[in-house]
Amino acid sequence: MVNIKEHHYPGYESVIEGKDAASGLHCLIAVHNTHLGPALGGTRMYPYASREEAMTDVLRLSEGMTYKSAVAGIGLGGGKSVILGDPKKDKSPELLRAFGRVVDTLKGRYICAEDMGTTTADMDEIRRGTEFVVGLDLIGSSGNPAPFTAWGVYRGLQSVSQELFRTDSLKGKRVGIVGLGAVGKRLADRLFWDGAELVLGDVDRELAQRMGKQYGAEVLPPEEALLAECDILSPCAVGGMLNPTTISQLRCRAIAGAANNQLLQVSDGDLLKERGILYAPDFVINAGGIINVAFELESQGYEAKKAKEKVDGIYVTLGEIYQLAKEQGVATSEAADLLAKRKVEKREGKRKAEVCFHR
Ligand code: NAI
């Protein structure tokens, strides 16, 4: 029997805590906002130091999802879930099924998906406890989000190029990519064939060297690649890379990358503005993955071409954000927040059709 406790946090629609003694499950689910549609957000499994730390994480991440989905225009709200525990040691089919039963108590107001510490195979197991899950390992699923995220980031690079250099072409542009994983490596490949000049960095030095050879790129230690002279910097590794220390040393004209939470703190957006560096806000440019998975919920089922077309829209949305930032005299990061909040408040892009689960 799963034990559910409800909590009340101002500004959040529902926050629940689920426990199951038999499997050792301890989880938190936050539904921040469903004005535009049911809340979709990943299930993170992580060995949090405390319940408080997990709560802070789930509240912060679920709110972020509200704004990400609102700006992406996918008719979904914001939610997130965390399972407290070490995915390597504490995960079991019983625990995942019990988690599914906790998700099920929200009756579709929250839909879970893969995130840090969980896999598509885990989603299949969770599905034995609830139908409200996407990103399953099945035909008809949206599959790996990384190619769509990389495509959205590429369109974001084009948007900054258009804004600064009045061209979508990245030929001859010097682009620094920090982080050459699932997204970064795809972006590097695309840019190579476009004729961009690449500077690459990754903590995995061997990977960086290999890719440097493949694409005739300059390879630098990651902390140097971040500060390399370039037209566009693309942070595709971890969060917090843009902070007062690094921002003062950046030698790029624009930043357009996949990493989540690139700014260490809100005020770093202003620092970038002061330095005249155009910043494509992270939660807008990296929405390709969530846009793609959202297409699983359409009545006609998942269609890759439609998902790609929607991801293309990131280019236009970013252009609107640069414009809004100019009009309001604020940083682009602040303009993105303003746009997101306006959409939620005015119910712009509210889902019209019911979500469908195709199995
Ligand atoms: P990944 O785990 O496949 O690759 C990350 C790469 O960054 C690895 O090669 C790793 O060695 C490198 N790295 C880690 N720490 C680093 C550091 N301090 N300096 C330089 N390199 C470092 O991750 P993925 O999927 O490519 O995602 C990249 C970023 O984009 C992450 O922040 C992720 O949260 C974000 N993101 C990814 C999405 C996706 O669809 N995969 C969707 C939205 C955001």
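In this report, we go over the structure that sits alongside the text.

Points about the sheet that holds strand E2 (residues 14–20)
Spatially, the six strands line up as an open sheet ordered E1-E2-E3-E5-E4-E6, and their pairing is mixed. Each edge of the sheet is formed by a strand with only one pairing partner; in this case those strands are strand E1 (3–7) and strand E6 (110–114). Averaged over neighbouring strand pairs, the angle between their axes works out to 25° when direction is ignored. As paired elements, E1 and E2 share five bridges and run antiparallel to each other.

Quick word on the environment of aspartate 270
Considering the arrangement of structural elements, one finds aspartate 270 in helix H9 (residues 268–274). Placed 26 residues apart in sequence, aspartate 270 and proline 244 show a C-alpha to C-alpha distance of 10 Å.

Let's talk about the packing of helix H4 (residues 146–165) against helix H12 (residues 304–328)
For the pair H4 and H12, interaxial distance at closest approach is 9 Å and the crossing angle is 35°. At the point where H4 passes H12, the crossing takes the right-handed sense. Here Phe148, Trp151, Gly152, Arg155, Gly156, Gln158, Ser159, Val160, Gln162 and Glu163 of H4 lie close against H12, whose contacting residues are Ala304, Ala307, Lys308, Val311, Asp312, Ile314, Tyr315, Leu318, Tyr322 and Lys326. Considered class by class, the residues forming the contact of H4 with H12 number ten nonpolar, five polar and five charged.

Section: the nonpolar core
Within the largest apolar cluster, 92 residues are counted, with the highest numbers of intra-cluster contacts made by Phe99, Leu157, Ile177, Leu191 and Leu198. Every residue in contact with leucine 191, bar those within four places of it in the chain, is listed here: Tyr154, Leu157, Leu170, Val175, Ile177, Ala196 and Leu198. Grouped together as the second largest cluster of nonpolar side chains are 19 residues, Met241, Ile255, Ile277 and Tyr279 included.

A look at the layout of surface pockets
In this structure, the second largest pocket spans a volume of roughly 250 Å³. Lining the second largest pocket we find 16 residues, and of these Lys273, Leu278, Ala325, Val330 and Thr332 sit closest to its centre. Elements that contribute at least two residues to the lining of the second largest pocket include exactly H4, H9, strand E12 (278–279) and H12. Of the residues assigned to the lining of the second largest pocket, the class counts are nine nonpolar, four polar and three charged.

Procedures and definitions
Residues numbered from 1 in each chain as written. Predicted model: local features only at pLDDT ≥ 70, side-chain atom pairs only at ≥ 80, totals over all residues. Heavy atoms only, no water. Pairing = 2+ DSSP bridges. Helix = DSSP H or I, 4+ residues; strand = E, 2+ residues; numbered from the N terminus. Axes fitted to C-alpha atoms, helices over the stretch in contact; angles between N-to-C directions. Left-handed = near helix turned anticlockwise from the far one by under 90°. Contact = heavy atoms within 4.5 Å. Nonpolar A, V, L, I, M, F, W, Y, C, P; charged D, E, K, R; others polar. Core = buried A, V, L, I, M, F, W, Y, C linked by side-chain atoms within 4.5 Å. Buried < 20%, exposed > 50% of the residue type's maximum accessible area, 1.4 Å probe, protein only. 1 Å grid on protein atoms, 1.4 Å probe; cavity = no way out; pocket = protein on both sides within 12 Å on 5 of 7 lines; lining within 4 Å. Points joined across faces, edges and corners; volume = space filled by probe spheres on them.

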